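# A closer look at the structure
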Amino acid sequence: MKRKAVILAAGKGTRMKSDLPKVVHRIDGKCLVDYVIEAARGAGVSDVCLVVGYKHDVVEREIAAKDVEFVLQPEQLGTGHAVKCAREFLGDEGQTLILFGDTPLITAETLRRMGEYHEAQGNTVTVLSAMVDDPTGYGRIIRDEQGRFIKSVEHKDANEQELASHEINSGMYLFDTAQLKAALDQIRPNNAQGEYYLPDTLTIIKDQGQKVDAYALDDATDITGVNDQNQLAEAAEVIRRRTQGNI
């Protein structure tokens with residue numbers, strides 16, 4: 001089955017204290033987003049699209065991979081809006097992987113395993129999640145008493161009971177493309193931020209009787225994003241250890 005990837009790379013990255021778009025900061029000479037593109041390719045993705053915004057010309061010039069498409073998100077109106085901008089790229093069949101350009105630690109192996117889980121379980125959507133000690137600020141995966149997926153809720157929109165969940169939504173997904181496109185048409189900015197949230201598509205798809213599930217990692221390292229210079233240094237250290245075969 002054909003699998004495409006949409007990589008969200010439109011953000012400015014204010015906390016990096018740099019004029020450069022966040023995704024073109026470098027580790028070992030490669031842009032953060034180059035690592036994500038390589039992981040997607042390694043997981044069997046045929047076509048890659050970057051959703052760009054802030055200084056998009058810099059992003060388009062700096063990344064090493066030349067065989068990717070670019071789509072402009074003129075305003076940052078949420079993850080759902082970003083994916084909508086890539087609507088034409090998605091096509092009408094196969095699967096779509098949604099990734100972030102600032103997560104250089106994601107691996108092809110993790111994405112492959114998520115894909116295998118997606119197909120083995122007969123899922124329409126699979127969320128990549130992880131168990132963490134401190135989930136503050138992250139969207140939460142909510143399950144029922146039998147461990148079945150109920151929904152994903154943003155931290156700012158979660159109630160006290162939902163905030164008790166330590167399973168976080170990485171923001172990375174594998175969708176059946178046709179169902180994703182149909183659900184994108186139905187999301188609305190009815191939340192604390194006034195944005196179009198991609199996780200709202202999960203509820204829409206689930207309410208239609210389709211199977212939504214989360215593939216949970218025991219170690220959250222792979223989904224760690226880079227938001228400031230300290231996190232950039234930490235990611236560089238992980239990559240250095242991986243390169244040397246220490247982890």
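Residues numbered from 1 in each chain as written. Predicted model: local features only at pLDDT ≥ 70, side-chain atom pairs only at ≥ 80, totals over all residues. Heavy atoms only, no water.

So, about the layout of surface pockets. Within this model, the largest pocket holds a volume of roughly 1500 Å³. Around the largest pocket, the lining comprises 46 residues; the ones closest to its centre are K22, T79, F100, D102 and N227. Listed by contribution, the elements that provide at least two residues to the lining of the largest pocket are β1 (3-9), α3 (79-85), β6 (95-100) and β10 (167-176). Classifying every residue of the lining of the largest pocket by side-chain character gives 18 nonpolar, 21 polar and seven charged. Taken as a whole, the second largest pocket holds about 230 Å³ of empty space. Lining the second largest pocket, in full, are K151, S152, V153, E154, D157, N190, N191, Y197, P199, D200, T203 and I204. Here the residues of the lining of the second largest pocket sort into four nonpolar, four polar and four charged. (1 Å grid on protein atoms, 1.4 Å probe; cavity = no way out; pocket = protein on both sides within 12 Å on 5 of 7 lines; lining within 4 Å. Points joined across faces, edges and corners; volume = space filled by probe spheres on them. Helix = DSSP H or I, 4+ residues; strand = E, 2+ residues; numbered from the N terminus. Nonpolar A, V, L, I, M, F, W, Y, C, P; charged D, E, K, R; others polar.)

Right, let's get into the nonpolar core. Among the nonpolar cores identified, the biggest contains 36 residues, and I37 and L50 are the most heavily contacted of them. Looking at this core, the element that brings in the most residues is helix α1 (residues 32-42), giving five residues. Not counting the four nearest positions on each side in its chain, L50 is found in contact with I7, A9, V33, I37, V59, I63, E69, F70 and V71. (Core = buried A, V, L, I, M, F, W, Y, C linked by side-chain atoms within 4.5 Å. Buried < 20%, exposed > 50% of the residue type's maximum accessible area, 1.4 Å probe, protein only. Contact = heavy atoms within 4.5 Å.)

Attention now moves to the pattern of salt bridges. Within this structure, the stated rule accounts for 19 salt bridges. D228 is the partner of R15 in a salt bridge, and the nearest nitrogen-oxygen pair spans 3.8 Å. Placement of the pair is R15 in the loop between β1 and β2 (26-27) and D228 in the loop between β11 (212-217) and α9 (229-243), with a sequence separation of 213 residues. What makes D228 buried here is its relative accessible area of 19%. Of the charged contacts in the structure, one is a salt bridge between E167 and R143, with a shortest N-O distance of 2.7 Å. Highlighted residues: E167 in strand β10 and R143 in strand β8 (residues 140-143), separated in sequence by 24 residues. Take E167: its relative accessible area is 7%, and that puts it in the buried class. The class for R143 is partly exposed, based on a relative accessible area of 26%. (Salt bridge = Lys/Arg side-chain N within 4 Å of Asp/Glu carboxyl O.)

This part takes up the packing of aromatic side chains. All told, the structure shown has two aromatic pairs when counted by the stated rule. Centre to centre, the rings of Y173 and F175 are 5.5 Å apart; their planes meet at 45°, and the pair counts as tilted. Both residues of the pair, Y173 and F175, count as buried. The aromatic ring of F89 is capped on one face by K4, whose charged end is 5.0 Å from the ring centroid. The ring of Y35 has K30 lying over it, and the distance from NZ or CZ to the ring centre is 4.3 Å. (Phe/Tyr/Trp six-rings, centres within 6.5 Å; stacked < 30°, edge-to-face > 60°. Lys NZ or Arg CZ within 6 Å of the ring centre and 35° of its normal.)

Counting through the fold element by element, D102 comes out in the loop between β6 and α5 (108-120). C-alpha of D102 to C-alpha of V59: the two residues are 43 residues apart in sequence and 12 Å apart in space.

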